[in-house]
Amino acid sequence: MIEFYLDRSSGLSPYLQLMQQVRQALRVGLAEPGEQLPTVREVVAKLAINPNTVLKAYRGLEYEGLVEARPGLGTFVVDSLVAPPPGTHARLRRGLRRWLDEAQAAGLDDASIVGFVSSTLRDAAEERVA
Amino acid sequence: MNALAAHGLGKRYGEHWALRNCSLEVPAGRVVGLVGPNGAGKTTLLQLAVGLLAPSTGTIEVLGLAPGKSREALARVGFVAQDAPLYPDFTVGETLTIGRRLNERWNQDWAERRLAGLSIPLEKPVGQLSGGQRAQVALVLALGKQPELVLLDEPVARLDPLARREFLQSLLDAAVEHGLTVVLSSHLISDLERTCDFLILLRDAEVRLSGAIDDLVERHRLLVGPRGRSTAGAGIARTIRESHTDKQSTLLVETAGPVGDPAWESHVVDLEELVLAYLGEPNEPRRPVDVLHRVEARA
Amino acid sequence: MSWLIYRQHRQQALSGAATLALLALFLGLTGMHMSAVFHNSGLAHCLGAHQHGDCSDIESSFESRFSTLRQLVPFLMVLPLLLGLFWGAPLVARELEHDTQQMIWTQGVTRLRWFSTKLAALVAVTLALTATYAVLISWWLGPLDRSTGDRFQPGIFDQQGALPIAYALFALALGIAAGTIVRKTMSAMAATLVGFVTLRLLIAGVVRRHYLAPVSKTYVPLPGIDTSHAGAWVFSQQTTEAGHTVAPFTIGSVCPATKTSTTATLDRCVRAHSFLEHDVFQPAGRYWLFQGIESAVYVGLALALLAVTVWWIKKRIA
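My aim in this report is to walk through the structure given alongside it, one point at a time.

What counts and how
Position labels on residues start from 1 in each chain and follow its written sequence. All chains are assigned letters beginning at A, and all ligands numbers beginning at 1, according to the order in which they are written. Confidence filtering applies because this is a predicted model: local features only for residues at pLDDT of at least 70, side-chain atom pairs given and counted only at 80 or more, and all residues used for totals across whole chains, interfaces and linings. Counting from the N terminus, the helices are the DSSP runs of H or I reaching at least four residues and the strands are the DSSP runs of E reaching at least two. Atoms considered for the radius of gyration are the C-alpha atoms alone. The globule rule reads 2.2 Å times the number of residues to the power 0.38. With C-beta atoms placed from the backbone, a residue counts as buried when 20 or more other C-beta atoms lie within 10 Å of its own, as exposed when 12 or fewer do, and as partly exposed for counts between those limits. With C-beta atoms placed from the backbone, a contact is any residue pair whose C-beta atoms sit within 7 Å. Nonpolar residues are Ala, Val, Leu, Ile, Met, Phe, Trp, Tyr, Cys and Pro. Charged residues are Asp, Glu, Lys and Arg, and all others, Gly as well, are polar. Strands were regarded as paired on the criterion that DSSP finds at least two bridges between them. For helices, the axis comes from a line fit to the C-alpha atoms of the stretch in contact; other axes are also lines fit to C-alpha atoms, and the angle between any two N-to-C directions lies between 0 and 180 degrees. Throughout this description, the term nonpolar core refers to a group of buried Ala, Val, Leu, Ile, Met, Phe, Trp, Tyr and Cys residues whose C-beta atoms join them within 7 Å.

Here the focus is the overall build of chain C. Scanning chain C from terminus to terminus reveals twelve helices and four strands. In terms of overall dimensions, chain C is more spread out than a globule: its C-alpha atoms have a radius of gyration of 25 Å, far above the 20 Å expected for 318 residues. Per-residue burial over chain C gives 30% buried out of 318 residues.

Contacts between the two partners involve 21 residues from chain B and, on the opposite side, 16 residues from chain C. Elements supplying a minimum of two residues to the side of chain B that touches chain C: helix H1 (42-50), helix H2 (71-76) and helix H3 (92-102) of chain B. Top element by residues in the side of chain B that touches chain C is H3 of chain B. It accounts for six residues. The residue inventory of the side of chain B that touches chain C, partitioned by class, reads twelve nonpolar, four polar and five charged.

Quick look at the interface of chain B and chain A now. Accessible area lost on assembly of the parts is the figure often given for the size of an interface. Across the boundary between the two partners, chain B contributes 17 residues, which contact 14 residues of chain A. Looking at the side of chain B that touches chain A, the elements that each hand over two or more residues are helix H6 (161-178), helix H7 (192-195) and strand S13 (265-268) of chain B. Class assignment for the residues of the side of chain B that touches chain A results in seven nonpolar, three polar and seven charged.

Side-chain positions along a regular strand alternate between the two faces of the sheet. Residue and element names in this part refer to chain A. Burial of the side chains of strand S2 (residues 74-77) is restricted to one face: Thr75 and Val77 are buried, whereas none of Gly74 and Phe76 on the reverse face is. Summarising the sheet, strand S1 (residues 67-70) and S2 pair through four bridges and their orientation is antiparallel. Looking at S2, one finds that arginine 70 is bridged to glycine 74. Count of turn residues in the S1/S2 antiparallel hairpin: three residues, of which glycine 72 carries a positive phi of about 85°.

A separate point is the environment of leucine 19 of chain B. Residue and element names in this part refer to chain B. Relative to the helices and strands, leucine 19 is located in strand S2 (residues 16-27). A count of 27 C-beta atoms within 10 Å places leucine 19 in the buried class. Not counting the four nearest positions on each side in its chain, leucine 19 is found in contact with Leu9, Gly10, Lys11, Gly41, Thr44, Leu45 and Ala205.

Residue and element names in this part refer to chain B. Across the sheet, three strands lie side by side as S2-S1-S4; this open sheet has antiparallel pairing. The sheet is open, and its two borders are formed by S2 and strand S4 (57-62), each paired with just one other strand. Sheet twist, expressed as the average angle between the axes of neighbouring strands with direction ignored, equals 20°. Across eight bridges, the pairing between strand S1 (residues 2-13) and S2 is antiparallel. In the strand pairing of S2, asparagine 2 is matched with proline 27.

Val32 and Leu151 of chain B are the most contacted members of the largest nonpolar core, which totals 117 residues. No other element matches the eight residues that helix H5 (residues 131-143) of chain B contributes to this core. Excluding its chain neighbours within four sequence positions, the residues that come into contact with leucine 151 of chain B are Leu46, Ala49, Val50, Val77, Phe79 and Val183 of chain B. Listed in part, the 39 residues of the second largest apolar core include Tyr133, Leu144, Ala171 and Met189 of chain C.

Residues and elements named next belong to chain B. Pairing within the open sheet is antiparallel, and its four strands lie in the order S11-S12-S10-S13. Each end of this open sheet is capped by a strand with a single partner; those strands are strand S11 (236-244) and S13. Ignoring strand direction, the axes of neighbouring strands in this sheet form an average angle of 30°. Contacts between helix H9 (residues 271-279) and the sheet are confined to strand S10 (220-226), S11 and strand S12 (248-255), with S11 contributing the most and set at about 85° to the helix.

Here it is, written out as structure tokens:
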């Protein structure tokens, strides 16, 4: 069973962290389809977080098709995270390389590029939910 | 039905207002953070909500009832006062008996199980418990009568971090178990985003901000742009806090619409930043900002 | 609530019961002894058969025999005050001092129900204890009262009959009111002490004599007429000889009762010198009436204080 944790310094709001941890668990095979996620009550009792946070995270994962809420039983994993096909990886890598060249030409150093990527990821994640 | 509703609520001691112009609506099922500096009026608001104080002006209702006046109101609302006052010469078990004898509904099994789970022995006199254990006993006493709403006045302020975490775990677990509405006051902001989904911010006896946290965060933005740039196209309803360097301006604003002007970078505001900004507002008398009402007015 | 009242106040109740038991033991043993001597010395018989003045020898020997016990009597006046201090003052003050009212008034009973239940229990126990004590002390003082005839005198009047009960109720109400208003046990106890003593002195010293207009009697102090007014509360006695005030013993020296004098000669002597007695007093027959009036005064004050307390709890606290 997945055990959740919260990272205060990550900058991501708690429910996004929970979603991320579920996706990560699926990616590395720590959770598999059919497995039950911890109940809202279990997560709340362990982390002392707001119950709605857990509900939001589970609903978000359900929207992404990764889990399914079964009334009276709990929330269950229904899909594994399939890695994108190899061709996608190569295409994404080429696109990223082009963008990196542009960013470096504009004067951004490595740390600035990483900061840029982090903050844009963050904003995108928040806006996706809003 | 709202768990708590106040209209123009005020409490005065002679010339001094401990709370004024307080109008709030808290939906049921929330975990509400009541935040503000010491002396802002948090204890006053909570005591008005449980009937330990009577209003000087305005009204307050909890679960649709006048606080503290009827057996029903007393049965459906639990309270843990600051520093968890209990009778120190009573044992833990006798403290539970107070709950059992003085309340119509009482779940003795639940109370005993909970204390056993926390390894708090029933025979121990309350005066010999640690601060964290006393807070847990006070919480069990407040929840054992199976209320729908529980109000807590700075329950974790004087606890060490471990005791604080354990108390919040107990509280939120019980909230899920029984579908409680929780109102929790604190002068610490750090646990706020984690535990609460509704915020009431008090400063100088007035409500400065109140609403669901998701809505509040969505309605505010941190705008960064060149110094001297007009804010006309930035979709600002109200600037809460601003700071300037010689080249750059940073504004924490309440938004009225999308940021049209690309010169302004728009960032999501961290809840803690938002609270600090509202706490630092200059001290003017103004209508309290209730984001929910403003949303309704615009719609 | 009854469990809570017992659990919170059991030490106070036990102390009260123990004190009463000790007092009862002491009064019982000494009282029986006094009663026995009262009868065996013939004083009982003498007082029953003769005028008060004729038993003076046996009386003085009886009274001096028990003079130590008599000296203890004034100390008993403190007993009702103790109830006010130790049962009354802490009742509400202790909760407010430690802020536990925030816990106990948010359980399932309203603060008025909490107070009225506690008050009822406290008054019931106080009545039981003080009524027992009042009966005991009145019985104990019986022989001394009859010997001295001082039952109606201030200081003795206060100790017996219904008054210990009334004083106790008043002290209790005063303590409770003080504790509620002042919110601190120690200060409330001080206020109760001052209030109780002041009022007792005021009423016993100044007010009591005016409950009813006293009787003024002017008469010729013939031999055989009782001038001692046993059992009455004598305000003043004045002897005049032909209109001039003289010392009381003057009659005895001017018209002495010698072996050779007869009732008739003494009679003539007294009339010849125009001796007159002018007495102002409350007659012995009014004893219970005065007990009743003073009890009503103190109980009335107690009720007023309790009304103030109820109002204060309802409106003024927090």
